[in-house]
Amino acid sequence: MKQLMNNRCIEFALIFAKGMIVALLSMPLLGNSALAQQASVQTDRVEAELVSGMTHVVPGRVLDLALKLKPESGWHTYWKNPGDTGLPTKIYWQLPEGFKPGDIQWPVPEWIDYEGLTNFGFHDETWLLVPVAVPFDFPVSPNNDITIKATAKWLVCREVCIPEQASFELTLPVAAYSEDTNAHASQWANAISAAWQKTPLLREDIHAEYTLSEQFQVQVESEKLPIIGQKPRAFV
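**Describing the pattern of salt bridges**
Here comes step 1: Per the counting criterion, the structure on display carries three salt bridges.
Here comes step 2: Here arginine 45 ties to glutamate 72 by a salt bridge, and the two come within 3.1 Å at their closest N and O atoms. A residue pair is termed long-range when its members are at least 10 positions apart, and arginine 45 in the loop between strand S3 (40-42) and strand S4 (46-52) and glutamate 72 in the loop between strand S5 (62-71) and strand S6 (77-83) qualify at 27 residues.
Here comes step 3: Arginine 45 gets classed as partly exposed once you look at its relative accessible area, which sits at 27%.
Here comes step 4: What makes glutamate 72 partly exposed here is its relative accessible area of 33%.
Here comes step 5: For lysine 68, the salt bridge identified is with glutamate 49, shortest N-O distance 3.6 Å.

As structure tokens, then:
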């Protein structure tokens, strides 16, 4: 991928993946702890955990959940657009009736070059955020706990790639609505808030132009692009 920069714009060519060319190993057999439905799971290559930003579910309020993935040193997982190879992490939910999960909110990925291929992913601990809408009319009563179940699937790679998966279960009590937005904040609330700060923002005020020939080229106003590290970068 070639990137040309000047004071006013960035021009870059986007390479789109044309099928999978990564060699996948057979699905590994997970240990008992990985198959158990729990909030924390250790697979062969990844430490995974499902956490909640609140200790209680509050009707009418969004419940912030996060899937934490921490690969072993040297291994990486993938962004929503994995690049030339790879697969994005997916989460499959089992929620109480009326609960609506949003899309995964991804942090900005690393630019991973491997033998001439461009991939996008994460070597370090990654927080994949999912806002869940809780219905206003969900009943509040003593001992009215709800159970959140999720199955996550990801591809973790180094020289080879291994598909992994894990199941999680969280049980949270239901509390009455409160105007205090900090009410029922969990031990993960600050970390989830910090993770939200690392997600890209939608910007509709940036002028962009594109041309399509042998390559897809885009020009955008560099002064308004977010700075990642020491230079602007754009991901699709």
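Now that the structure has been shown, the text picks up again.
**Re the side chain of threonine 85**
Here comes step 1: Inspection of the secondary structure puts threonine 85 in the loop between S6 and strand S7 (90-94).
Here comes step 2: At a separation of 3.0 Å, a polar atom in the side chain of threonine 85 contacts the side chain of asparagine 119.

**Things to note about the state of the cysteines**
Here is the idea: a disulfide is a covalent bond, and it sits between the sulfur atoms of two cysteines.
Here comes step 1: Tallied over the entire structure, the rule returns one disulfide.
Here comes step 2: Here cysteine 157 engages in a disulfide with cysteine 161; their sulfurs sit 2.0 Å apart. Its S-S torsion of approximately 115 degrees makes the covalent link between cysteine 157 and cysteine 161 right-handed. Just as cysteine 157 is buried, cysteine 161 falls in that class too.

**Digging into the sheet that holds strand S13 (residues 161-173)**
Here comes step 1: Sheet architecture is open: three strands sit in the order S7-S12-S13, paired in antiparallel fashion. Two strands bound the open sheet, and with one partner strand each, they are S7 and S13. In this sheet, neighbouring strand axes are inclined to one another by 15 degrees on average, regardless of whether the strands run parallel or antiparallel.
Here comes step 2: In this structure, S7 lies alongside strand S12 (residues 145-157), joined through five bridges in antiparallel fashion. In the sheet register, tryptophan 93 faces S12, and the bridge partner there is alanine 150.

Conventions used here
Residues numbered from 1 in each chain as written. Predicted model: local features only at pLDDT ≥ 70, side-chain atom pairs only at ≥ 80, totals over all residues. Heavy atoms only, no water. Salt bridge = Lys/Arg side-chain N within 4 Å of Asp/Glu carboxyl O. Helix = DSSP H or I, 4+ residues; strand = E, 2+ residues; numbered from the N terminus. Buried < 20%, exposed > 50% of the residue type's maximum accessible area, 1.4 Å probe, protein only. Polar contact = N/O pair within 3.5 Å; in protein donor to acceptor, adjacent residues only side chain to side chain. Disulfide = S-S within 2.5 Å. Pairing = 2+ DSSP bridges. Axes fitted to C-alpha atoms, helices over the stretch in contact; angles between N-to-C directions.

All we've got here are geometric facts, nothing functional implied.
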